[in-house]
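# Understanding the architecture of this molecule
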Amino acid sequence: MDQFISLPRGTADILPEEALLWQAMESQARTVFGVYGYQEIRTPFFEETDLFARSVGQTSDIVQKQMLNLAAQTEAQENDKSTSLSLRPEGTASIVRSYIQNRLDKKEKLSKLFYIGPMFRGERPQKGRLRQFHQIGVEAIGPDSASPFLDAEVIALGTNLLKQLGLNDFVLRINTLGTLEDKGAFSGILKDSLQDKIRNLCPDCQNRYDRNVLRVLDCKNKECRSVVEGLNFWRNCEYLSPKSKEYFEAVKKALDALEITYVEDPKLVRGLDYYTHTVFEFSCQRLGSQDAVGAGGRYNNLVEQLGGPVADAVGFALGMERILLATAKEGAELQAGLDAFVVCLQEEGLLKVFKLLQDLRARGVSADMNLRPGSMKSQMRQADKAKARFVLILGEEELKAGEVTLKDMKQGVQEKFRLGAFEEIVSKIRSNKSEN
Ligand code: HAM
C-alpha cells in the first residue's frame, strides 16, 4: 500500500459538522461588526518578512522563534534584490500595511476594519496552540481614533462579541503602557529592579534583559515568573506621564459607564512591540495554560513607523479555536434538515426520480436521494439521518400508476400526486418549509 501523508503538526482539518460551528461563529461576528460599523478587509496570507519584524518587533518571540518563512524567495520588482516572505503570524501588521498602501487615510478619518482568517506561527503545538490558527479581529485606524472612548468601545465590542459567541465566563484584564517615552521610562525601572536577579532568569530572558526587557514580563518560565512576582514596584509605579495617566483614567471611566467588568493588571504588557497606552486581554481559566481567548490594545506609532501618515489606532483579535474549545458546542445541533428525500424502489424508475430530484433542487428545494438505491428500510433510514421533512416515494405501484407518494415525516400523513404534477409537489413542500 502507498504510504499515507498526514497533515502537518499544529494544523487541523475542519470537517463538515464542525464547519457548521465555524460558519455560525463567522456569521455572528459579521452581524456584530455590522452593528458597530466595521467593514471587512482581506489581505494576503503572506507578506515581506520585514513587515512583521518592524511591527510585531525584532525581539518578540513571534519574530525570533515563530515565523514561518516561505522557501521560495521572490525577486523584488524594483531592484532585483531577493525578498524574504513569511506567512502572517497576526493581522495587525498587514492591515496597517494595506491602510498605508491604499491611502485609506484619504477616504475617512477613522477606518473601522475587521478580518476573519488564518494566521501562522511556528510554535510548539499543544492544546489551544496551533501553527495554523484563526483570528477574528478589528482595527480602528486614523486621526479620529485618538479618543479614550474608542479604546472603551473596542473593548466593549470584544466583550459583546465573546458573549454573542456563547462565552460568558471570561476575565478582561487591562493595563496601560503609556506613550513610547513612558514605555522607555518603564523599561528603565524594570531593568534596575531586575539587575541583581539576572542570574535567576532563563537564558532567553537574560538576552531579553538587554534587548527588550519588557518581554521578561510575559515569559512563561517558572523561575522568571517567580522573579517577576517578587518585584515590588508595581503598586506605586511612577513611570507614566500625567497625560497618559489621565488618558487611562478616561478609558476606565468609559468602561465603567458601559458597565464592562475588568481587572487592572499592571503586569500585562503583551508580547508584541507595537503597543502604546491601553492593552487588554480576555482569558478563560478553564482552558488551562493557553487561556487567552483574545487580546489587543492601542498602537499609536505603528502607522508612522511603517512609513505611513500620523494615525492613531486600536484593535484586538480573538482566537477562534480557543473560543470553540471554551464553548464546546456540537456542530451536529446546527445541521439543517433536508426539505425532501427521494426514495426509488424500482430500477426502471431511477431515471425519472433522478430528473425529479434535479428539478426540485433547481426550484430551491433541498433534496437528495441514493443514486444506488437499496431497500425501502435503508432508504428511509437515510432520509431520517438527513432530517428530511418529506419523503417522495416511487415504488412499483406508483410507477405503474404514474404517481409518486409524498410522505410528511412530521405530521405522519401521506398523499399521492401525479408524477407530472410537479408544481403541486413543490408548493406542498414549500408551504411546509418554514415549519421544518
Ligand atoms: P495575540 O495575543 O498574539 O495578538 O493573538 C490574539 C489571540 O489569538 C490570542 O489571544 C489567542 O486567542 C489567539 N492565538 C494566538 N496564537 C495562537 C496559536 N498559536 N494557536 C491558537 N490561537 C492563538 C495579536 O495577534 C494582535 N494582532 C491582536 C491585536 C489586534 N492587537 C491590536 N489589534
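Okay, so let's go over this structure. (Residues numbered from 1 in each chain as written. Predicted model: local features only at pLDDT ≥ 70, side-chain atom pairs only at ≥ 80, totals over all residues. Heavy atoms only, no water.)

Time to look at the overall build of the chain. Counting its regular elements, the chain contains 15 helices and 17 strands. Compactness check: the chain gives a C-alpha radius of gyration of 29 Å against a globular reference of 22 Å for 436 residues, more than 25% above the reference. The dimensions of the chain, computed from C-alpha atoms along their principal axes, are 95 × 60 × 45 Å. Here the chain, with 436 residues, has 50% of them falling under the buried criterion. Taking contacts inside the chain between residues at least 6 apart in sequence as the whole, the part at least 24 apart equals 69%. For the chain, the accessible area works out to roughly 22,700 Å², and carbon and sulfur atoms hold 49% of it. Averaging the locations of the 59 positively and 61 negatively charged side chains of the chain gives two centres separated by 2 Å. (Helix = DSSP H or I, 4+ residues; strand = E, 2+ residues; numbered from the N terminus. Rg over C-alpha atoms; globule rule 2.2 N^0.38 Å. Buried < 20%, exposed > 50% of the residue type's maximum accessible area, 1.4 Å probe, protein only. Contact = heavy atoms within 4.5 Å. Areas by Shrake-Rupley, 256 points an atom, 1.4 Å probe, with all protein chains shown as cover. Lys, Arg positive; Asp, Glu negative; His and termini not counted. Charge placed at Lys NZ, Arg CZ, Asp CG, Glu CD.)

Glancing now at the nonpolar core. Counting residues in each nonpolar core, the largest one holds 52 residues, and the members touching the most others are Val-96, Ile-141 and Leu-194. At five residues, helix H4 (residues 92–101) tops the list of elements feeding residues into this core. For Ile-141, the contacting residues outside a window of four places in its chain are Ile-95, Val-96, Tyr-99, Lys-109, Leu-110, Ser-111, Tyr-299, Val-303, Ala-311, Asp-312 and Ala-313. Grouped together as the second largest cluster of nonpolar side chains are 44 residues, Ala-152, Ile-260, Leu-287 and Leu-324 included. (Core = buried A, V, L, I, M, F, W, Y, C linked by side-chain atoms within 4.5 Å.)

What follows covers the side chain of Thr-49. Relative to the assigned elements, Thr-49 resides in helix H2 (residues 49–55). Residue classification places Thr-49 among the buried positions, given a relative accessible area of 16%. From its side chain, Thr-49 meets the backbone nitrogen of Leu-85 in a polar contact 3.5 Å long. Within the structure, the side chain of Thr-49 is placed 2.7 Å from the side chain of Ser-86, a separation counted as a polar contact. The residues contacting Thr-49, other than those within four sequence positions of it, are Met-67, Asn-69, Ser-84, Leu-85 and Ser-86. (Polar contact = N/O pair within 3.5 Å; in protein donor to acceptor, adjacent residues only side chain to side chain.)

Let us look at unusual backbone geometry. One non-glycine residue with positive phi stands out, namely Glu-259, at about 55°. Its place among the elements puts Glu-259 in the loop between helix H9 (242–257) and strand E9 (263–264). The backbone of Arg-270 sits at a positive phi, close to 70°, despite the residue not being glycine. The topology assignment puts Arg-270 in the loop between E9 and strand E10 (276–283). Relative accessible area serves as the criterion here: at 12%, Arg-270 is assigned to the buried category.

All right, on to the sheet that holds strand E7 (residues 132–141) then. Either a parallel or an antiparallel arrangement is found when strands of a sheet pair, and the pairing is made through backbone hydrogen bonds. Taking strand neighbours across the sheet as the criterion, the eight strands line up as E1-E6-E7-E12-E11-E10-E8-E9 in an open arrangement whose pairing is mixed. Both outer strands of the open sheet, strand E1 (39–40) and E9, are each paired with one neighbouring strand and no more. The sheet contact formed by E10 and strand E11 (residues 292–298) spans six bridges and is antiparallel. Of the residues in E11, the one forming a bridge with Thr-276 is Arg-298. With respect to the sheet, helix H5 (residues 148–164) is in contact with strand E6 (111–120), E7, strand E8 (171–176), E10, E11 and strand E12 (313–319), its orientation differing from that of E12 by roughly 15°. (Pairing = 2+ DSSP bridges. Axes fitted to C-alpha atoms, helices over the stretch in contact; angles between N-to-C directions.)

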